[in-house]
Amino acid sequence: MTAAAATDLDVAILQLTSLDDVTVNTDKILDLLGSLGTPAPDLVSLPENALYMRIREGEKIPAIPLDDPNLARLGKWCVTSGSHLHIGSVPLEQNGRLYNASLLIGPDGSVSDVYRKIHLFDVAVTGHKPVRESDVFTHGDSPAIFTIKGWKFGCTICYDLRFAELFTKYAAAHVDVILIPSSFLVPTGKAHWDIMTRARAIESQAYVLAAAQGGVHQGQDGSSRATYGHSMIIDPWGEVVQTLPDDFGDRRVLRATLSRERIDKVRSQIPMRNHRRLT
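Attention here is on the structure that accompanies the text. Values in this document were obtained by computation on a predicted structure and should not be read as measured data.

Criteria and thresholds
- Residues numbered from 1 in each chain as written.
- Predicted model: local features only at pLDDT ≥ 70, side-chain atom pairs only at ≥ 80, totals over all residues.
- Heavy atoms only, no water.
- Helix = DSSP H or I, 4+ residues; strand = E, 2+ residues; numbered from the N terminus.
- Rg over C-alpha atoms; globule rule 2.2 N^0.38 Å.
- Buried < 20%, exposed > 50% of the residue type's maximum accessible area, 1.4 Å probe, protein only.
- Contact = heavy atoms within 4.5 Å.
- Areas by Shrake-Rupley, 256 points an atom, 1.4 Å probe, with all protein chains shown as cover.
- Lys, Arg positive; Asp, Glu negative; His and termini not counted.
- Charge placed at Lys NZ, Arg CZ, Asp CG, Glu CD.
- Polar contact = N/O pair within 3.5 Å; in protein donor to acceptor, adjacent residues only side chain to side chain.
- Pairing = 2+ DSSP bridges.
- Axes fitted to C-alpha atoms, helices over the stretch in contact; angles between N-to-C directions.
- Left-handed = near helix turned anticlockwise from the far one by under 90°.
- Nonpolar A, V, L, I, M, F, W, Y, C, P; charged D, E, K, R; others polar.
- Right-handed = clockwise from strand over helix to strand, strands pointing away.
- Salt bridge = Lys/Arg side-chain N within 4 Å of Asp/Glu carboxyl O.

## Looking at the overall build of the chain
And step 1. Broken down by element type, the chain carries six helices and 16 strands.
And step 2. Taken over the C-alpha trace, the chain has a radius of gyration of 18 Å; the compact-globule value for 279 residues is 19 Å, and the two agree within 12%.
And step 3. With the principal axes as the frame, the chain shows a C-alpha extent of 55 × 45 × 40 Å.
And step 4. Expressed as a percentage of its 279 residues, the buried residues of the chain come to 52%.
And step 5. Across the chain, contacts joining residues at least 24 apart in sequence account for 68% of those joining residues at least 6 apart.
And step 6. Only carbon and sulfur atoms are counted for the fraction: they give 51% of the accessible area of the chain, which is about 12,400 Å².
And step 7. Of note, the chain has its 29 positive side-chain charges centred 5 Å away from the centre of its 32 negative side-chain charges.

## Section: the side chain of Arg54
And step 1. The topology assignment puts Arg54 in the loop between strand 2 (43-45) and helix 2 (69-81).
And step 2. Among the polar contacts listed, one links the side chain of Arg54 to the side chain of Glu57, at a separation of 2.8 Å.

## Side note on the side chain of Gln205
And step 1. Here Gln205 is to be found in the loop between helix 4 (186-204) and strand 11 (207-210).
And step 2. Judged by its relative accessible area of 6%, Gln205 is buried.
And step 3. Excluding anything up to four places from it in sequence, Gln205 contacts Pro236, Ile263, Val266, Arg267, Ile270 and Met272.

## Some words on the pairing of strand 12 (residues 214-218)
And step 1. As paired strands, strand 12 and strand 13 (residues 224-228) are joined by five bridges and run antiparallel to one another. Each residue of the ladder has a partner; that of Val216, found in strand 13, is Ala226.
And step 2. In this structure, the hairpin formed by strand 12 and strand 13 is closed by a connection of five residues, where Gly222 is found at a positive phi of approximately 95 degrees.

## Some thoughts on the packing of helix 3 (residues 164-172) against helix 4
And step 1. Two numbers describe how helix 3 lies on helix 4: the axes approach to 9 Å, and their chain directions differ by 35 degrees. The element helix 3 and its partner helix 4 pack so that their crossing is right-handed. Note on element contacts: helix 4 touches helix 3 through Arg200, Glu203 and Ser204, opposite Ala164, Phe167 and Ala171.
And step 2. Across the contact of helix 3 with helix 4, the residue classes break down as three nonpolar, one polar and two charged.

## Considerations on the pairing of strand 1 (residues 8-14)
And step 1. Among the seven residues of strand 1, six are classified as buried, and the element is accordingly described as predominantly covered.
And step 2. In terms of strand pairing, strand 1 meets strand 16 (residues 253-259) through seven bridges, oriented antiparallel. Paired with Leu9 across the two strands is Leu258, which belongs to strand 16.
And step 3. Between the parallel pair strand 1 and strand 2, the chain is carried across by helix 1 (residues 22-34), and the sense of this crossover is right-handed.

## Considerations on the pattern of salt bridges
And step 1. Taken as a whole and assessed by the stated rule, the structure comprises 14 salt bridges.
And step 2. In this structure, the salt-bridge partner of Glu48 is Lys117, at a minimum N-O distance of 2.9 Å. Here Glu48, found in the loop between strand 2 and helix 2, pairs with Lys117, found in the loop between strand 5 (111-116) and strand 6 (122-123); they are 69 residues apart in sequence, far enough to count as distant. No difference in accessibility class separates Glu48 from Lys117, as the two residues are buried.
And step 3. When the shortest N-O distance is used, the salt bridge between Glu133 and Lys117 registers 3.0 Å. With Glu133 in the loop between strand 7 (131-132) and strand 8 (145-148) and Lys117 in the loop between strand 5 and strand 6, the pair connects residues that are 16 residues apart, well separated along the chain.
And step 4. You can call Glu133 buried: its relative accessible area is 9%.
And step 5. A relative accessible area of 2% places Lys117 in the buried class.

Set out below in structure tokens:
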């Protein structure tokens with residue numbers, strides 16, 4: 001018999017300004033994890049490019065293997081805290097191909113490759129240099145769901161946010177939470193981030209945890225780039241539970257308790273699962 005899902009789930013998301021140095025980024029993440037106190041959340045979610053951020057377009061992206069010592073350092077925190085850590089994305093190599101992949105570290109310190117970004121960011125946004133993610137990465141090919149304490153999590157990464165068909169699959173699977181780790185450009189963030197993340201929560205009738213990169217990223221070669229930030233926790237009604245402002249300063253942690261009762265209330269008022277006709 002499957003155990004009943006926990007009534008509540010304690011979660012946190014971290015907003016980062018990652019650099020092109022895996023060890024430095026890991027140090028910063030561990031500092032923020034240490035600030036969470038005890039008991040630790042059931043899940044902590046990090047943004048896209050959490051361990052390595054390419055600052056200058058065209059710069060070679062190093063693969064981060066599952067046995068990387070920096071992942072082991074994060075795994076030790078998970079063992080000590082009893083928490084799960086969702087790493088929004090790292091460059092992961094398999095069979096000679098590089099994927100933009102989300103990892104999940106469990107309370108036993110084990111590292112799992114849980115999702116590979118399906119929609120790659122090949123765009124030319126006015127006011128920003130063209131970006132071609134597919135020049136480096138291979139497309140993932142399937143949605144992914146994992147479970148913590150009976151809560152079902154649907155996985156996406158950044159640009160996936162724009163493709164409603166992926167979220168429809170998660171809604172049809174009755175996921176409780178959708179993760180949207182991101183590294184949004186400033187122009188597109190200002191135009192679309194808030195409305196799209198809230199829309200995905202509303203149409204999926206699920207919580208959204210959107211951990212974002214934010215601020216100015218300084219490269220080791222003197223180059224720089226900026227990301228939008230505004231990490232968010234959104235409830236199934238589309239209400240923003242918590243978010244970070246433009247001037248977030250040293251505040252980089254959002255923490256909240258997700259409520260099973262809240263999900264059930266929203267779904268009972270508007271029973272979309274009973275009305276869905278196209279999947």
